[in-house]
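Chains, contacts and geometry: an overview
Listed below, chain by chain, are the residues.
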Amino acid sequence: MLSEANGSIAGAGALLKILRDGQARTRAELVQLTGLARSTLGQRLDALLSQRWIVPTEEAISSGGRPAVAFTFNRGARIALAADLGATHARVAITDLGTEVLAERADEVPIDRGPVETLTWLQHTFEEMLAETGHTRDQICGIGVGLPGPVEHSSGRPVNPPIMPGWDGFPVPEWLGERFGAPVLVDNDVNIMALGEHWAARPEADHLIFVKIGTGIGCGIISDRHLHRGAQGAAGDIGHIQVASAADIVCRCGNLGCLEAVASGAAMSARLSADGVEAADSRDVVRLVRGGNTQAVQLIRQAGREIGDVLASIVNFFNPSVIVVGGDIAEAGEQVLAGLREVIYSRSLPLATQHLTITASELSDRAGVIGAAVMVIEHALAPGTVDQAVTRDRPRDTMGVAADHGTP
Ligand SMILES: [Zn+2]
């Protein structure tokens, strides 16, 4: 049961939400903005100050009077640990609460080594980076991890991931949570890329589709400014939609005719290799395109049209205002965007394409790691989570947060 004091500080999370825009505000401004009684506001500010979520600053008054104390969001109050684990490479970062990167590493880490070896590497990398930036474990607000396969949202566990042997059902949140004593959130890589791109580059877009074209093809969906995961977390898996041109090609999922089987980086590198052009993966395909290899250029343009064909239906169905294209293959830029645009604008309804922007990812290979940080920060700063922390009325290092896979 909440005591009277706890009852009035329980709205501290909502107050923090107002201050998160970074603008400093005085007590008078906050009273006006929230309609709260001055005493209630004072208790909530004290609760946020005691946890260092906000800090006081002195605001000069234009009339030349005594400066009033204002309060501003403290981005340095906590840190987020973020990891984007791909099929063959990984990117890891420590960020502040505004997603500013304080330390970052990128390394070749094949995910098919299995969960224990991969996560042990991640644990050690996080520990080294914490030492490097001088942070301690009690400053961690959470750990966000992106994985290159389907993740069941309710448990944070991978489900039958095709390129991740040994990972099926592995308790990633519990494994990392036990080692760092912080909440752990796990999602598939394209969902976190969509979150990162939306937060950092397209915050004004209400409805956004992030398409990742790499070894495989998938998309992340921002609907009404929130990540849409679907019932089980499988929303956006467009790589296995059937396309006519792939009718007799077997996909890695076992079905015939998937989009991925003709338009992914893996499919293109396999096609080039079969024709005697050296190409081991998506990055080799992009290298060939940049070098002007005619066959690679034709393949990537055709892949753009194939993906555009599937996206044209999605545009009619979902009506996004922005389609962002990321992943290794997107590094080929206009060569892939041209085919995509050509088909989407000719095949989708005029009303749906009237104000539609189709563009390459601004964050590029950092979209995932920034998105993993966003996922964790949004969870940690959600009004409900903040209220829980302040009403516990005890030092933060005894909060006793266990592994957690909630939503931001
Ligand atoms: Zn398939």
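A quick note: this is a predicted structure, and the numbers were derived from the prediction, not measured. (Residues numbered from 1 in each chain as written. Predicted model: local features only at pLDDT ≥ 70, side-chain atom pairs only at ≥ 80, totals over all residues. Heavy atoms only, no water.)

1. Brief notes about the coordination of the zinc ion
Going by this rule: Sites may look incomplete, because water is not among the atoms used; the donor set itself consists of N, O and S atoms within 2.8 Å of the metal (3.2 Å for Na, K and Ca). In this scheme the shape depends on donor count and angles: four donors with every angle between 85 and 135 degrees give tetrahedral, four or six donors with opposite pairs above 155 degrees and others between 65 and 115 give square planar or octahedral in turn, and any other case is irregular. Relative accessible area decides the class of each residue, using a 1.4 Å probe on protein chains only: under 20% of the type maximum gives buried, over 50% gives exposed, and in between gives partly exposed.
Here the zinc ion is held by H240 (ND1), C251 (SG), C253 (SG) and C258 (SG), and the distances to it run 2.0 to 2.3 Å. The coordination sphere of the zinc ion comprises four donor atoms, whose angles at the metal cover 106 to 118°; the geometry is tetrahedral. Along the chain, the residues that donate to the zinc ion are spaced as H-x10-C-x1-C-x4-C. Assessed through its relative accessible area of 1%, C258 is described here as buried.

2. A closer look at the pairing of strand β6 (residues 101–108)
To keep it simple, the criterion reads: For two strands to be treated as a pair, DSSP must find no fewer than two bridges joining them. By the criteria applied, helices consist of DSSP H or I runs no shorter than four residues and strands consist of E runs no shorter than two, each listed in order from the N terminus.
One ladder, built from seven bridges, connects strand β5 (residues 89–95) with β6; its direction is antiparallel. Looking across to β6, one finds that A90 is bridged to D107. Counting the residues between successive antiparallel strands, the hairpin from β5 to β6 contains five residues, one of them, T99, with a positive phi of roughly 65°.

3. Examining the nonpolar core
Here is the rule: Residue types Ala, Val, Leu, Ile, Met, Phe, Trp, Tyr and Cys, when buried and joined through side-chain atoms within 4.5 Å, form a set referred to as a nonpolar core. Contact definition: two residues touch when any of their heavy atoms are within 4.5 Å.
L16, L48, W53, L97 and F210 are the most contacted members of the largest nonpolar core, which totals 47 residues. Per-element accounting of this core gives the leading share, 10 residues, to helix α14 (residues 367–380). Setting aside residues no more than four positions away along its own chain, L48 makes contact with A12, L15, L16, W53, I54 and V386. By size, the runner-up hydrophobic cluster in this structure holds 42 residues, among which are C219, L299, I307 and V336.

4. A few points about the sheet that holds strand β14 (residues 322–326)
The following threshold applies: Helix axes are fitted to C-alpha atoms over the stretch in contact, other axes to C-alpha atoms as well, and angles between N-to-C directions run from 0 to 180 degrees.
One open sheet holds the five strands; their spatial order is β13-β12-β11-β14-β15, and the pairing between them is mixed. Looking at strand neighbours, the two that pair on one side only are β13 (226–227) and β15 (357–360), the edges of this open sheet. When strand β11 (residues 208–213) meets strand β12 (residues 217–223), the two strands line up antiparallel, connected through six bridges. Residue pairing across strands places V211 opposite C219, the latter belonging to β12. The strands touched by helix α7 (residues 189–200) within the sheet are β11, β12, β13 and β14, with β12 carrying the most contacts at an inclination of about 45°.

5. A short note on the side chain of D187
How we decide: N or O atoms closer than or at 3.5 Å make up a polar contact, with two conditions inside protein: a donor-capable atom paired with an acceptor-capable one, and, for residues adjacent in sequence, both atoms drawn from side chains.
By the element assignment, D187 lies in strand β10 (residues 184–188). Of the polar contacts made by the side chain of D187, one reaches the side chain of N191; its length is 3.0 Å. Once you skip the residues sitting within four places of it in the chain, D187 turns out to touch V145, G146, L147, V151, I192, L227, R229 and M375.

6. Side note on the confidence of the model for the chain
Worth spelling out the cut-off: Every residue gets a pLDDT, meaning the predictor's confidence in that residue, from 0 to 100.
In this model, the chain carries a mean pLDDT of 90, and residues with pLDDT of at least 70 account for 92%. Long-range and interchain partners of residues 394–408, a stretch whose pLDDT sits below 50, account for 39 contacts in this model, where long-range means more than four residues apart.

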